[in-house]
Amino acid sequence: MAVDEGAVDLELDRAHSARMYDYFLGGTTNFPADRESAGKAMAVFPALLVAARANRQFMHRSVRHLAQTGMRQFLDVGTGIPTSPNLHEIAQEAAPDARVVYTDNDPVVLTHAHALLRSSPEGRTAYVQCDARDPEALLKSPEVRETLDLGRPVALSLIALLHFVPGERTAHDVVEYFREALPSGSTLTISHVTPDFDPEPLARALAAYDAAGTPVQARTREEFTRFFDGWELLDPGITVTHRWRPDPEHDLSHVTDAEATCYGAVARKP
């Protein structure tokens, strides 16, 4: 896929949520406006850096587990700026023939999409620019159709995405569309920020995002659980991200629930 970086206005003078997240992860694709807004958010909620990294580790563990248990097709919605190891690197390490489609609606991500296309020789990766709020268009896109067999199980990832989709109906409708469209045996992985553990500092941090032009809606455990209606949760069910199948090689036992501040879960369609 050719990417015309000159055609994209990166708006480097404005903070951007994807670049702020890249900064939290220790990446290099961020600029002064991003670091300034990230700093403001961390000033009122210092655990944001811990939360971002615990979330990223949750993605790594969930993808590795799914690949090791037989999943070979992955659809990552709301990809964000590539920060290695990316999803396809984790999946193809366990299953070199894994196929991965990344999607995001953000032109900032588009300019870096070439980093997402470095597949193993046995597998394949693709990138499609599409809005998560239009899952029908996404599943009909040539990139998805040419890379994934939608008659076979697909591992759908909505990592740290749905809190950027305000409104209960819209966010839950997106998940419901995927549940109906994907075949039996498909899986759903979600992580989502929650106010359940330390609501006041988190509210101030989310206000910093709002001031930067990116509204965020934190959701309670009950609201998060609703996303999995009609799915069968895999062990250990709904938990805080750092507690989902912890990896001894990346010890997060020192992280508190309030610091992780995100729920995570993986489920399978019956």
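Look a little higher up for the structure.
These figures come from a predicted structure and were not determined experimentally.

**Q** Explain the packing of helix H3 (residues 48–68) against helix H4 (residues 87–94) here, please?
**A** The relative placement of two packed helices is expressed as an angle between their axes plus a distance between the axes. Put simply, H3 and H4 touch, their axes get as near as 8 Å, and they point 35° apart. Crossing of H3 over H4 shows right-handed handedness. Contacts between H3 and H4 involve Met59, His60, Val63, Arg64, Ala67 and Gln68 on the former and, on the latter, Leu87, Ile90, Ala91 and Ala94. By residue class, the composition of the contact of H3 with H4 is seven nonpolar, two polar and one charged.

**Q** Honestly, the pattern of salt bridges in this entry has me stumped. Any pointers?
**A** Pairing is possible between side chains that carry opposite charge, provided their charged atoms lie close to one another. Inspection of every chain in the model, using the stated rule, returns seven salt bridges. Here Arg72 ties to Asp97 by a salt bridge, and the two come within 3.3 Å at their closest N and O atoms. You can see Arg72 sitting in the loop between H3 and strand E1 (73–77) and its partner Asp97 sitting in the loop between H4 and strand E2 (99–104), a full 25 residues away along the chain. With relative accessibility at 41%, the residue Asp97 sits in the partly exposed group. Of the charged contacts, one joins Asp257 and Arg243 as a salt bridge, the two residues approaching to 2.7 Å between their closest N and O atoms. Taken together, the residues Asp257 in helix H11 (residues 257–260) and Arg243 in the loop between strand E7 (239–240) and H11 connect sequence positions 14 residues apart. With relative accessibility at 23%, the residue Asp257 sits in the partly exposed group. Note on Arg243: relative accessible area 44%, which makes it partly exposed.

**Q** Where do I start with unusual backbone geometry in this structure?
**A** Along the chain, Ser84 connects to Pro85 via a cis peptide bond; the corresponding omega equals 0°. Tracing the backbone shows Pro85 in the loop between E1 and H4. A cis amide bond links Asp235 with the next residue in sequence, Pro236, at an omega value of 10°. Topologically, Pro236 is positioned in the loop between strand E6 (232–233) and E7.

**Q** Would you explain the nonpolar core in this entry?
**A** Ranked by internal contacts, the top residues of the largest apolar core, which has 37 residues, are Leu75, Val77, Leu158, Phe178, Ile190 and Phe228. Elements supplying a minimum of two residues to this core: E1, strand E3 (124–129), helix H6 (135–140), strand E4 (155–159), helix H8 (168–181), strand E5 (187–193) and strand E8 (262–268). If we skip the residues at most four places from it in the chain, Leu75 touches Val101, Leu138, Leu139, Val144, Leu148, Val154, Ala155, Leu156, Ser157 and Phe178.

**Q** Looking at this model, I keep getting lost on the environment of Asp131. Mind explaining?
**A** The residue Asp131 is located in the loop between E3 and H6 in this model. Classification of Asp131 as partly exposed rests on a relative accessible area of 24%. Each C-alpha atom of the pair Asp131 and Asn105 lies 4.7 Å from the other, and the pair is 26 residues apart in sequence. One polar contact links Asp131 to Arg133, side chain to side chain, over a distance of 2.8 Å.

Calculation rules
- Residues numbered from 1 in each chain as written.
- Predicted model: local features only at pLDDT ≥ 70, side-chain atom pairs only at ≥ 80, totals over all residues.
- Heavy atoms only, no water.
- Axes fitted to C-alpha atoms, helices over the stretch in contact; angles between N-to-C directions.
- Helix = DSSP H or I, 4+ residues; strand = E, 2+ residues; numbered from the N terminus.
- Left-handed = near helix turned anticlockwise from the far one by under 90°.
- Contact = heavy atoms within 4.5 Å.
- Nonpolar A, V, L, I, M, F, W, Y, C, P; charged D, E, K, R; others polar.
- Salt bridge = Lys/Arg side-chain N within 4 Å of Asp/Glu carboxyl O.
- Buried < 20%, exposed > 50% of the residue type's maximum accessible area, 1.4 Å probe, protein only.
- Core = buried A, V, L, I, M, F, W, Y, C linked by side-chain atoms within 4.5 Å.
- Polar contact = N/O pair within 3.5 Å; in protein donor to acceptor, adjacent residues only side chain to side chain.

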